[in-house]
Amino acid sequence: MTLELLEGSTAIARSAIAAGCRFFAGYPMSPFTGLLENMSQQMPAAGGVCLNAESEIEGVNMTLGAAAAGARAATGSCGQGIALMQEAIAEAALNETPFVVFNMARNQQDYFQSTRGGGWGDYRTITLAPKDVPEAVEHTQLLFHLADRYRAPVIFYGDPLLAQTRVGVSIEALDFGPLPPKDWVLDGTGGGTGRSRQIWTWAMGKATDPGPGPDGHWRAIADKFDAIDKVESRFEQAHVDDAETLVVAFGSAAKFVEYVVDELRADGHRIGWFRPVTLWPFPGEALAAATAGVRRVLVFELNAGQMLDDVRIHAADRSAVRFIGGVSIAESGLAYGELMDAPVIRDRILAAITGGARP
Amino acid sequence: MERELVVTGIGGQGIQLLAKTLASAATREGRHAMLSADYGGEMRGGPSKASVVIGDGPLRALPVLASAWSAIVAHHRFSEPALARLRPGGPAIVNLPLVDPASLPAMTVYGLDATAVAKDAGAPQAIGFVLLGAYNAVTRLVDPASLAEAMEELLPPYRKQHAQANARALAAGAAALDGPPAPLSVPAGAADLEEAPR
């Protein structure tokens, strides 16, 4: 394994191309811009296409088109731009077109956007939130696999630290196992034969070959997301067995929490941590088990309390749940504020343990 | 063991390039490295800070360092937040006369006038490489040859003409503190501060 010192955006772009991504479209927006630049630099040599779209709406719909034609395709932005993409993401979820959406978010305020969605209909988006650049490389490839496996748009939840930190990483194609054949793609081979295919949110079919229609189709889609919910949740945890205090965090914040919890453990505190690796499906059963014996469940996230809802739904005792995160934005508006810092997190955890006022 | 370096100075001093060069040199040696950059509006004279972590295995350090073992202080302006995170006893390379060694009472301070050394080496624009050469002479974190190779690799094609001057700057910085380098100041009780391997 040879390590290369790569900026997160470069590593993610290289990993996507290693996974077979051959179409990328997006509109620049910091800190997503680095990924778009890297894709535009690297995609031609891979025989793919990268387009600087006129807007996020155009970018996501071109991606939907490329995916419908069978390409491994992706788009991205930060949360503000992904807000504009919600209609296309909902359509793709309901008409079963797989692609990856890279949310190189400015902070953690897009948890609801990722896990609840902003489009219409009964759909969900599988969302992976890596904690550092090496894991982002792996998640990038896993997301293309999951998108194809379930024929659904999926979300990568990144942030400025993942986009801009340079780390020694190794980029290799990863094998996640076999996938169903893409026998549904609109590749033109059935044209004029009476067997042309459709990708249609309403699934009404053709006069000669009626589809299930919206009732049957949307029930089937809802059942599919139920099935995904049961098998695709992922999590990490440590020091749970004897913990009095459990800290729950996702993405980069979880890496900071892990660091602080290790320190507090060394100081003799009975404390552990739990990290949802998939934000949806949320690892609810695992969290219920992890919180069963603890006195307090602390939720740390850099927003006003979004994942907090999911923790309250699943914690063994919701009255034990305390929020120790908060909104924290850099002066530029483009990155985290001072809350994403180990000493600050340590103070907040200790204040919650000792019952003192929050600093 | 992980070793952390914070580099602090002002835009135009080569802060970002020296940090990137060190991280790249360590990576060339097959070690794990992390580089975080922190700068304002990409302007000359504005705040410029970077951090580098080097280790033999996957790194535990955070992209916002909780604390750091060592420092390169190229300019006193904007340096306070970075210096507040230094663990006592570690090495600090300071650029005299822009930095007062007394501003780092808890550190083992090594000083050199990077501007003068760079001029004498015929590389007046390369004070960042002078400081990096000096830092590596003290810490021996990487092979000096790896530094020179990484520096050359990072030069874009239109700047290749600077490779020799940069190499002279790296060597001159190392020579300025060579043999063995004597600290300007050592914190009281420094022997007790010698870090156990982490």
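Residues numbered from 1 in each chain as written. Chains lettered and ligands numbered in written order. Predicted model: local features only at pLDDT ≥ 70, side-chain atom pairs only at ≥ 80, totals over all residues. Heavy atoms only, no water.

Colleague: An account of the sheet that holds strand E7 (residues 154–158) of chain A is requested, with residue identities and associated values reported.
Modeller: Strand pairing in a sheet relies on backbone hydrogen bonds. The paired strands run either parallel or antiparallel. Residues and elements named next belong to chain A. Pairing is mixed across the open sheet formed by seven strands, whose spatial order is E3-E2-E4-E5-E7-E6-E14. Two strands bound the open sheet, and with one partner strand each, they are strand E3 (49–52) and strand E14 (278–280). By the bridge criterion, two bridges tie strand E6 (residues 127–128) to E7 in an arrangement that is parallel. By the bridge assignment, Leu 128 is partnered in E7 with Phe 156. (Pairing = 2+ DSSP bridges. Helix = DSSP H or I, 4+ residues; strand = E, 2+ residues; numbered from the N terminus.)

Colleague: Quick rundown of helix H7 (residues 133–150) of chain A? Include the residues and the values.
Modeller: Residue and element names in this part refer to chain A. Relative to the 26 Å expected for 18 residues at 1.5 Å per residue, H7 spans 25 Å between its end C-alpha atoms, a close match to the ideal helical length. The buried fraction of H7 amounts to 15 of the 18 residues, a majority that puts the element mostly inside the structure. One side-chain oxygen at the N-terminal end of H7 lies 3.1 Å from the backbone nitrogen of Glu 135; it belongs to Asp 132. (Expected span 1.5 Å × (residues − 1). Buried < 20%, exposed > 50% of the residue type's maximum accessible area, 1.4 Å probe, protein only. Polar contact = N/O pair within 3.5 Å; in protein donor to acceptor, adjacent residues only side chain to side chain.)

Colleague: Kindly report on the nonpolar core, identifying the contributing residues and their values.
Modeller: By size, the foremost hydrophobic cluster in this structure holds 53 residues, and its most contacted members are Phe 24, Leu 35, Met 39, Phe 102, Met 104, Phe 144 and Phe 225 of chain A. Looking at this core element by element, the count peaks at seven residues for H7 of chain A. Once residues within four sequence positions are removed from consideration, Phe 102 of chain A is found in contact with Ile 12, Phe 24, Phe 32, Leu 35, Ala 74, Thr 75, Gly 76, Ser 77, Ile 82, Thr 140, Phe 144 and Phe 156 of chain A. Formed by 47 residues, the second largest nonpolar core is a distinct cluster that contains Val 7, Ala 19, Tyr 135 and Ala 150 of chain B. (Core = buried A, V, L, I, M, F, W, Y, C linked by side-chain atoms within 4.5 Å. Contact = heavy atoms within 4.5 Å.)

Colleague: Would you mind going over the packing of aromatic side chains in detail, with residue names and values included?
Modeller: Throughout the structure, instances matching the rule amount to eleven aromatic pairs over all chains. Between Phe 102 of chain A and Phe 144 of chain A, the ring centres sit 6.5 Å apart and the planes meet at 50°, which makes this aromatic pair tilted. Of this pair, Phe 102 of chain A sits in strand E5 (residues 100–104) while Phe 144 of chain A sits in helix H7, and the two are 42 residues apart along the sequence. One exposure class covers both Phe 102 of chain A and Phe 144 of chain A, and it is buried. Here a set of aromatic residues connected by ring pairs shows up, and it is made of Phe 24, Phe 32, Phe 102, Phe 144 and Phe 156 of chain A. The ring of Phe 225 of chain A carries the charged tip of Lys 224 of chain A above its face, separated from the ring centre by 5.6 Å. Arg 3 of chain B extends its terminal NZ or CZ atom over the ring of Trp 69 of chain B, reaching a point 3.9 Å from the ring centre. (Phe/Tyr/Trp six-rings, centres within 6.5 Å; stacked < 30°, edge-to-face > 60°. Lys NZ or Arg CZ within 6 Å of the ring centre and 35° of its normal.)

Fair warning: the whole summary comes from geometry, so function is off the table for now.
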